[in-house]
Amino acid sequence: MDRVPKAHGVDFKVWADRLAVIMMLMVLAWCLAGLMMPARAQPDPGATPVVVYTVQPGDTLWGYAARITPDGGNVADTVDELVRLNNLDSVSLRAGQRLIVPDEV
């Protein structure tokens, strides 16, 4: 008999296949969510903690710097610091690019 028997009208092979697809989609969603979340990195023991930010569509360096600059801080200084830390040749960003940002900004 090649076919798994049905119990109460349920085909367990079909049910198991659907469950496997659902589980794979959940793992894929979890992995993609991990790519979108900022990750904490510690380059060296004793070094200043940093956050790695993934640039989103529509982000600009000035706009991002303005969001992370503390109240009363100078956004231009934050832009300069981001350019220095990330060895940027220009202030243009592209979606998916990762920026190193000091945790204390």
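Given the structure is predicted, the values throughout are model-derived calculations rather than measurements. (Residues numbered from 1 in each chain as written. Predicted model: local features only at pLDDT ≥ 70, side-chain atom pairs only at ≥ 80, totals over all residues. Heavy atoms only, no water.)

Description of the side chain of Thr54
Then comes step 1: Looking at the secondary structure, you find Thr54 in strand β2 (residues 50-54).
Then comes step 2: Contacts of Thr54, omitting those with residues within four sequence positions, involve Leu35, Gly96, Gln97 and Arg98. (Helix = DSSP H or I, 4+ residues; strand = E, 2+ residues; numbered from the N terminus. Contact = heavy atoms within 4.5 Å.)

Looking at helix α2 (residues 61-68)
Then comes step 1: Here α2 has its buried residues at Leu61, Tyr64, Ala65 and Ile68. One side of α2 holds all its buried residues, which, seen down the axis, span an arc of 100°. For α2, the exposed residues set more than 90 degrees away from the buried face come down to Trp62 and Arg67. (Buried < 20%, exposed > 50% of the residue type's maximum accessible area, 1.4 Å probe, protein only. Arc of directions from axis to C-beta.)

Details of the pattern of salt bridges
Then comes step 1: Applying the stated criterion across every chain, the model contains three salt bridges.
Then comes step 2: Linking Lys13 and Asp17 is a salt bridge whose minimum nitrogen-to-oxygen distance equals 3.2 Å. Placement of the pair is Lys13 and Asp17 together in helix α1 (residues 12-36), with a separation of four residues, close to one helical turn.
Then comes step 3: Overall, Lys13 belongs to the partly exposed group, its relative accessible area being 48%.
Then comes step 4: For Arg84, the salt bridge identified is with Glu81, shortest N-O distance 2.7 Å. Taken as a pair, Arg84 and Glu81 lie in helix α3 (residues 75-85) at a separation of three residues, close to a single helical turn.
Then comes step 5: The class of Arg84 is exposed, set by a relative accessible area of 52%. (Salt bridge = Lys/Arg side-chain N within 4 Å of Asp/Glu carboxyl O.)

Looking at the packing of aromatic side chains
Then comes step 1: Evaluation of the coordinates by the stated rule reveals one aromatic pair.
Then comes step 2: Centroid distance Tyr53 to Tyr64: 4.2 Å. Interplanar angle 15°. Geometry classified as stacked. Here Tyr53 is found in strand β2, whereas its partner Tyr64 is found in helix α2, with 11 residues between them in sequence. Per residue, the accessibility class of Tyr53 equals that of Tyr64, and both read buried. (Phe/Tyr/Trp six-rings, centres within 6.5 Å; stacked < 30°, edge-to-face > 60°.)

Brief notes about the environment of Arg98
Then comes step 1: Of note, Arg98 is situated in strand β3 (residues 98-102).
Then comes step 2: Judged by relative accessible area, which is 44%, Arg98 ranks as partly exposed.
Then comes step 3: With 43 residues separating them in the primary sequence, Arg98 and Val55 have C-alpha atoms 6.1 Å apart.
Then comes step 4: Here Arg98 is in contact with Leu35, Val52, Tyr53, Thr54 and Asn86, once residues within four sequence places are set aside.

Topic: the side chain of Asp59
Then comes step 1: With respect to the helices and strands, Asp59 occurs in the loop between β2 and α2.
Then comes step 2: Among the residues examined, Asp59 registers a relative accessible area of 15% and is labelled buried.
Then comes step 3: Among the polar contacts listed, one links the side chain of Asp59 to the side chain of Tyr53, at a separation of 2.5 Å.
Then comes step 4: Apart from the residues lying within four places of it in its own chain, the contact partners of Asp59 are Tyr53, Arg67 and Leu93. (Polar contact = N/O pair within 3.5 Å; in protein donor to acceptor, adjacent residues only side chain to side chain.)

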